[in-house]
Amino acid sequence: MISQYHLVDKKLPDVTNANCWAHARRDYADAIKAADKGNPAALKNSIAHQALERIAKFYEEDGKLKDLPPEERLQKRQSIIKPLVEDYFTWVKEILSDTTVLPKGKTADGLKYSLNQEKYLKVFLDNPDVPIDNSASERAIRTFCLGKKNWMFHNTANGANSSALVYSISETAKLHNLRPYYYFRYILTELPKHCDEKGNIDPAKLDYLMPWSESLPGECRKPRRS
């Protein structure tokens, strides 16, 4: 079955799907959680454990490249991580082709997922700007996903626009190490000072209120860890 996300390849030829290795490892992790912990040796030798160790090596090596320029990161991914990834998929195919050891349950789901998504799981190897997983994106939208069922104004077009505006401000504030509550309190106190008789505000006067402004009050900023 073709994922709805993979239809993007057909409808938007200039867009490339990149799958997430955090998702690829999830079934293996679930298999370990469900396994009998009374036999640690067998657990360590399990296919699920071996898969997690292989994927962990991708993460370990890719983590060393985060501060490199894109060109060098790509070169390292190609020379160091690509052979590990290729070896992983060779291993997966060997296991699935051996009917005498064919696993079941979550381990089987993990192997089949990797095989079916091989093309998309390899995309990060050819593009230095594609992360190994989309965990950062999921963390960024977590607040919105938790709140969308609770706030009724989301069910209209105007509500969606308001929501997008508020979340854009709050998430940008977080990226600049601000405390959203105090930042919103400050800008909502300052904005009325710039309204003309018709309630309009000149955007040119608002630079000092931007999340990256150096003149924001100290209470808006998260305390630095010593």
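Throughout what follows, the structure given in this document is the object of discussion. Residue positions within a chain follow its written sequence, with the count starting from 1. Selection of residues for local features in this predicted model requires a pLDDT of at least 70, selection of side-chain atom pairs for listing and counting requires 80 or more, and totals for whole chains, interfaces and linings are taken over all residues. Derived side-chain values reflect all non-hydrogen atoms in the structure, with water molecules and hydrogen atoms excluded from consideration.

What about the environment of A164?
Under the DSSP-based scheme used, a helix requires at least four consecutive residues in state H or I and a strand at least two consecutive residues in state E, with every element numbered from the N terminus. Here A164 lies in helix α9 (residues 157–175). The exposure class of A164 is partly exposed, given its relative accessible area of 41%. Along the chain, A164 and F144 lie 20 residues apart, while their C-alpha atoms are 9.3 Å from each other. When accessible area is computed with a 1.4 Å probe and restricted to protein chains, residues below 20% of their type maximum are described as buried, those above 50% as exposed, and intermediate ones as partly exposed.

Focus: the pattern of salt bridges
Two side chains bearing opposite charge may form a pair once their charged atoms approach each other closely. Put simply, a salt bridge is a Lys or Arg side-chain nitrogen that is within 4 Å of an Asp or Glu carboxyl oxygen. Using the criterion set out here, one finds 12 salt bridges in the structure. Across the pair E61 and K57 runs a salt bridge, and its minimum N-O distance is 3.5 Å. Here E61 pairs with K57, and both are found in helix α4 (residues 47–63), just four residues apart, close to one helical turn. Here K57 falls in the partly exposed class, since its relative accessible area comes to 33%. Counted as one network, the salt bridges with shared partners bring together K57, E60, E61 and K64.

A short note on the packing of aromatic side chains
Pairing of aromatic side chains requires ring centres within 6.5 Å, counting the rings of Phe and Tyr and the six-membered ring of Trp. Pairs whose planes differ by under 30 degrees are stacked, by over 60 edge-to-face, and all others tilted. Scanning the model with the defined rule gives eight aromatic pairs in all. Measuring from centroid to centroid gives 5.9 Å for F58 and Y88, while their planes differ by 90°, and the two rings are edge-to-face. Of this pair, F58 sits in helix α4 while Y88 is found in helix α5 (residues 70–97), placing the two residues 30 residues apart along the sequence. One exposure class covers both F58 and Y88, and it is buried. Three or more aromatic residues joined by ring pairs form one cluster here, namely W21, F58, Y88, F89 and W91.

Brief notes about the nonpolar core
Of all hydrophobic cores here, the largest spans 26 residues; its most connected members are W21, Y28, F58, V85, Y88 and F124. Where this core is concerned, the elements lending two or more residues are α2 (21–34), α4 and α5. Examining the composition of this core, we find that seven residues originate from one element, α5, more than from any other. Setting aside residues up to four positions removed in sequence, V85 forms contacts with W21, F58, K122, F124 and L125. Membership of the second largest hydrophobic core comes to nine residues, among which are L178, Y183, Y186 and L206. Note on terminology: a nonpolar core comprises buried Ala, Val, Leu, Ile, Met, Phe, Trp, Tyr and Cys residues joined through side-chain atoms within 4.5 Å. Only heavy atoms matter for contacts: two residues are in contact if any of them lie within 4.5 Å across the pair.

Some remarks on the layout of surface pockets
Only protein atoms enter the 1 Å grid, on which a cavity is a set of points fitting a 1.4 Å probe that cannot get out and a pocket is an open set with protein on both sides within 12 Å along at least 5 of 7 lines, lining residues being those with an atom within 4 Å of a point. Grid points are joined across faces, edges and corners, and a volume is the space filled by probe spheres set on the points. Its volume calculated, the second largest pocket comes out at about 180 Å³. Taken together, Y59, D62, G63, L65, K66, R73, R77, P131, I132 and D133 make up the full set of residues lining the second largest pocket. Counting only elements with at least two residues in the lining of the second largest pocket, the list comes to α4 and α5. The element best represented in the lining of the second largest pocket is α4, accounting for three residues. Just so you know the grouping, Ala, Val, Leu, Ile, Met, Phe, Trp, Tyr, Cys and Pro go in nonpolar, Asp, Glu, Lys and Arg go in charged, and all remaining residues, Gly too, go in polar. Across the lining of the second largest pocket, the residue classes tally to four nonpolar, one polar and five charged.

Section: α5
An α-helical turn contains 3.6 residues, so any two residues separated by three or four positions project in the same direction. To estimate how far a helix should reach, multiply one less than its number of residues by 1.5 Å. Its 28 residues give α5 an end-to-end C-alpha distance of 37 Å, which sits within 8% of 40 Å, the value for a rise of 1.5 Å per residue. We define the bend at each residue as the angle formed by axes fitted to the 7 residues ending at it and the 7 residues starting at it. At I81, α5 is deflected by roughly 45°, the largest bend along its length, and proline P83 occurs up to four residues later in sequence. On its buried face, α5 is in contact with α2, α4, α6 (105–116) and α7 (118–121).

What about the packing of α4 against α5?
Convention adopted: a line fitted to C-alpha atoms gives each axis, helices being fitted over their contacting stretch, and angles between N-to-C directions are expressed from 0 to 180 degrees. Remark: α4 packs on α5, axes separated minimally by 10 Å, with the N-to-C direction vectors making an angle of 165°. Comparing the axis directions of α4 and α5 gives the class roughly antiparallel. Remark: the crossing between α4 and α5 carries left-handed chirality. Across the interface between the two elements, I47, Q50, A51, R54, I55, K57, F58, E61 and D62 of α4 pack against R77, I80, I81, L84, V85, D87, Y88, W91 and I95 of α5. Counted by class, the contact of α4 with α5 contains 11 nonpolar, one polar and six charged residues. For this classification, under 35 degrees means roughly parallel, over 145 means roughly antiparallel, 65 to 115 means roughly perpendicular, and everything else is oblique. Each crossing gets its handedness from the near helix: less than a right angle anticlockwise from the far helix is left-handed, clockwise is right-handed.

With respect to the packing of α2 against α6
A pair of packed helices can be characterised by two numbers: the angle between their axes and the separation between those axes. Axis separation between α2 and α6 bottoms out at 7 Å; the angle between their running directions is 165°. One element, α2, and the other, α6, form an angle in the roughly antiparallel class. Helix-helix and strand crossings are classified by hand; for α2 and α6 the assignment is left-handed. Where α2 approaches α6, its residues H23, A24, D27, Y28, D30 and A31 are matched on the opposing element by K106, T107, D109, G110, L111, Y113 and S114. Split by residue class, the contact of α2 with α6 holds five nonpolar, four polar and four charged.

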